[in-house]
Amino acid sequence: MKKMIHRFGKFYSKIIMDYIGIFIFVGILSVVFGDCGWIPNKNIYAISQFVYQIVIPTLIAYTAGNQRKYSGKKENLNQFYGGGVIAVMATSGMLLADAGGSILFAMLFGPICGILWEKILEPFMEKGKSGLEMLIRNITIAITGSILAVFAFYIAAPFLSAVITIFFAGISFFIEHHLIFLLSFIIEPAKVLFLNNSINHGILLPIGIQQAEQTGESILFLLETNPGPGFGVLLACYICKKERRNEYLSSIFVELIGGVHEVYFPVVLSNIWLIFALIGGGAAGNLCFSIFHAAATGAISPGSIVVILLLSTKNNMIGVVLGIFVSAIVSAVTAIFILKLQEKLKYQMQKKEKQENGRKYKEQTILYGNMEDNMVQKVGVICNAGVGSSAIGAALFRRKLKELNITEIEVAAYAADQIPEDVKIVICQKDFKELTIQKIKADVYTIENLLNQTEYLTILKEIQRKGGKEKWI
């Protein structure tokens, strides 16, 4: 279960991180050229909305449909994958019916289309006559995509609308009974499920606009768009997970300045306990908004702190800033507590497991040997996605090899589930040991921090021992 949840969160995290530049693009255009931006321009602002509502769901659907890593097979770049094309066709039906739920639909149906292609359609087409492969493939893709597009339009879209209606009933209840601070129990989980736009534009904005017409402002404009809870969770991860700080730093910028909440959703999906940090931060921020009578004068899109401040009057500015600040602090402190507690429990479980096996727990590099060949030619540094801490660690390791004048060893960074078979030694943090040791035939070294150069010295000595000290020095 633990590994499945980890892969689930990693899958979505990688997709979002692949397109982080597009989210920044949307945030910049919205903040600069939006109705309340620095240089208001409806045409350019429309570009950002088109990209967010149409282009991003389409890209996510295509990418998710082509993600075959869950099957355990190595990806062949020269082979055609139809799962992404089918996922785009299916998403088109959702886009026409309800663009607000298209990102969630793309996230869910992209992998489903990929599995459908790999497990059913591709084997079926292999049984066709030789010479008709292209014709059969295109007809199969067209028919399957048409069926799923119709399904999305007539079934998936109404289903998501029904879900939104349920949320609407709950939110209306809290608003009528002046329990706005409790709305975070509905809003934050809904946001993580990529229903943030549906909640905001479909529920909060219509009511908020009615209030603004009467009083000139509404607190409802601040509830979903508040970047505080998401910023707090990302900040906690930045503090506690040093090996992925570069990823979290870019996400923090996108969340706080760009106002694109989607960047932290995969983080919470991969560690669902962090939802309590979001709820706590959201509740604290909403309570602060209520106490100080904070409100905005119009619809906020995106949820950038810049846009929020631009739409806040001088009388509301202090309350708005305090609400965002308090929600961020509460969310960050709660998330840090959760992450530290999980780390402590994990440490205790590892210690107990090793004691039961008659082994003493050591806070140092541990080697798990499966390798038969003692000639080390290729070393892999492993992290979650293969582009963050592992890339830096690989560079540090190559520097050490260069200092020792070792040129025969190739060092590269890989994701935990994309380790080539020709890698002889794997270096990873302890968190990834279970994900690597069962899938490869190599020596696996676990270290505390991939960015700590001193920890590579022990591994270098072992590599020298395996290859013959006189060979590598």
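Let us look at the structure shown here.

About the criteria used
- Along each chain, residues carry numbers from 1 onward, in the same order as the chain's sequence is written.
- This being a predicted model, a pLDDT of at least 70 is required before a residue's local features are given, and a value of 80 or more before pairs of side-chain atoms are given or counted; all residues contribute to the totals for chains, interfaces and linings.
- Where side-chain values are given, they derive from all heavy atoms of the structure, hydrogens and water being excluded.
- Only DSSP runs of H or I with at least four residues qualify as helices, and only runs of E with at least two residues qualify as strands; both kinds are numbered from the N terminus onward.
- In this scheme, a residue with accessible area under 20% of its type's maximum is buried, one over 50% is exposed, and one in between is partly exposed, where area comes from a 1.4 Å probe on protein chains only.
- Throughout, a residue-residue contact means that at least one pair of heavy atoms, one from each residue, lies within 4.5 Å.
- The accessible surface values rely on the Shrake-Rupley method and a 1.4 Å probe; as for residues, cover is taken only from the protein chains in view.
- The criterion for strand pairing is that DSSP finds at least two bridges linking the strands in question.
- Working definition of a nonpolar core: buried Ala, Val, Leu, Ile, Met, Phe, Trp, Tyr and Cys residues. They are joined through side-chain atoms within 4.5 Å.
- In this scheme, patches are assembled from residues that exceed 30% relative accessible area and form no salt bridge. Like charges are connected within 9 Å, while nonpolar side chains (Val, Leu, Ile, Met, Phe, Trp, Tyr) are connected within 5 Å.
- One speaks of a salt bridge when a side-chain nitrogen belonging to Lys or Arg is within 4 Å of a carboxyl oxygen belonging to Asp or Glu.
- In this analysis, rings of Phe, Tyr and Trp, with Trp reduced to its six-membered ring, are considered paired at centre separations within 6.5 Å, and the interplanar angle assigns stacked below 30 degrees, edge-to-face beyond 60, and tilted for intermediate values.
- Whether a charge sits over a ring depends on NZ of Lys or CZ of Arg being within 6 Å of the ring centre and within 35 degrees of the ring normal.
- Charged residues are defined narrowly, with Lys and Arg counted positive, Asp and Glu counted negative, and His plus the chain ends left uncounted.
- Angles shown run from 0 to 180 degrees and are taken between the N-to-C directions of axes, each axis being a line fitted to C-alpha atoms and, for helices, limited to the stretch in contact.
- Orientation is classified from the angle alone, with under 35 degrees giving roughly parallel, over 145 giving roughly antiparallel, 65 to 115 giving roughly perpendicular, and any other angle giving oblique.
- In this scheme the handedness of a crossing depends on how the near helix is turned from the far one: anticlockwise by less than a right angle means left-handed, clockwise means right-handed.
- Ten residues, namely Ala, Val, Leu, Ile, Met, Phe, Trp, Tyr, Cys and Pro, are considered nonpolar, four, namely Asp, Glu, Lys and Arg, are considered charged, and the remaining ones, Gly among them, are considered polar.

A few words on the overall build of the protein. Helix and strand content of the protein: 18 helices and 5 strands. The proportion of buried residues among the 473 residues of the protein is 52%. Within the protein, contacts between residues separated by at least 24 positions form 71% of all contacts whose residues are at least 6 apart in sequence. Carbon and sulfur atoms make up 63% of the accessible area of the protein, which amounts to about 22800 Å² in all.

Now for the pairing of strand S5 (residues 443-447). Of all 5 residues making up S5, 5 are buried, and the element is well covered by its neighbours. Where burial is concerned, the two faces of S5 agree: the one with Asp443, Tyr445 and Ile447 and the one with Val444 and Thr446 are both buried. Note that strand S4 (residues 425-429) and S5 share 5 bridges and pair parallel. Bridge assignment links Cys428 to a residue of S5, and that residue is Thr446.

Attention shifts here to the nonpolar core. In terms of nonpolar packing, the biggest core is built from 89 residues, with Ile171, Val233 and Leu274 touching the most fellow members. The leading source of residues in this core is helix H7 (residues 184-215), at 12 residues. With near-sequence residues (within four places) excluded, Val233 lies in contact with Val267, Val268, Leu274, Ala277, Leu278, Ser331 and Ala335. Grouped together as the second largest cluster of nonpolar side chains are 18 residues, Cys383, Ile425, Ile427 and Leu450 included.

Judged by side-chain polarity, Leu96, Val150, Phe151, Phe153, Tyr154 and Ile155 come together as a nonpolar surface patch covering roughly 620 Å² of accessible area. Among the elements that make up the nonpolar patch, the one with the highest residue count is helix H6 (residues 133-176) (5 residues). Take Leu96: its relative accessible area is 68%, and that puts it in the exposed class.

A few words now on the packing of aromatic side chains. Within this structure, the stated rule accounts for 5 aromatic pairs. Ring centres of Phe105 and Phe109 lie 4.3 Å apart, and the angle between their planes is 15°; this geometry places the pair in the stacked category. Remark: Phe109 and Phe105 occur in helix H5 (residues 102-126); sequence separation between them is 4 residues, near one turn of the helix. Of the two residues, Phe105 and Phe109, neither departs from the other in class, the shared state being buried. Here the aromatic rings of Phe109 and Phe151 are separated by 5.6 Å at their centres, their planes lie at 45°, and the arrangement is tilted. Residue Phe109 is found in helix H5, and its partner Phe151 is found in helix H6; the two are separated by 42 residues along the sequence. According to the relative accessible area criterion, Phe109 is buried, its value standing at 17%. Linked through ring pairs, Phe105, Phe109 and Phe151 together constitute an aromatic cluster. Directly above the aromatic system of Tyr238 lies the positively charged group of Arg245, at a separation of 4.8 Å from the ring centroid.

On to the side chain of Glu224, then. Structurally, Glu224 is set in the loop between helix H8 (220-223) and helix H9 (228-240). Buried charge without a partner: Glu224 forms no salt bridge, and the closest opposite charge is Lys191, 4.6 Å away. In contact with Glu224, not counting residues within four places along its chain, are Ile187, Lys191, Asn196, Asn200, Leu204 and His261.

Turning next to the packing of H9 against helix H10 (residues 245-258). The geometry of H9 relative to H10 is characterised by a closest axis approach of 9 Å and an angle of 165° between their N-to-C directions. In terms of their interaxial angle, H9 and H10 are classed as roughly antiparallel. Between H9 and H10 lies a crossing whose hand is left-handed. The residues of H10 that touch H9, namely those facing Gly230, Phe231, Leu234, Leu235, Cys237, Tyr238 and Ile239, are Arg245, Tyr248, Leu249, Ser251, Ile252, Glu255 and Leu256. A breakdown of the residues in the contact of H9 with H10 according to their chemical character gives 10 nonpolar, 2 polar and 2 charged.

Before going further, it helps to spend a moment on the pattern of salt bridges. Close approach of charged atoms allows side chains with opposite charge to pair. In total, this model carries 1 salt bridge according to the counting rule given. For Glu188, the salt bridge identified is with Lys191, shortest N-O distance 3.7 Å. Remark: Lys191 and Glu188 occur in helix H7; sequence separation between them is 3 residues, near one turn of the helix. Each member of the pair, Glu188 as well as Lys191, is classed as buried.

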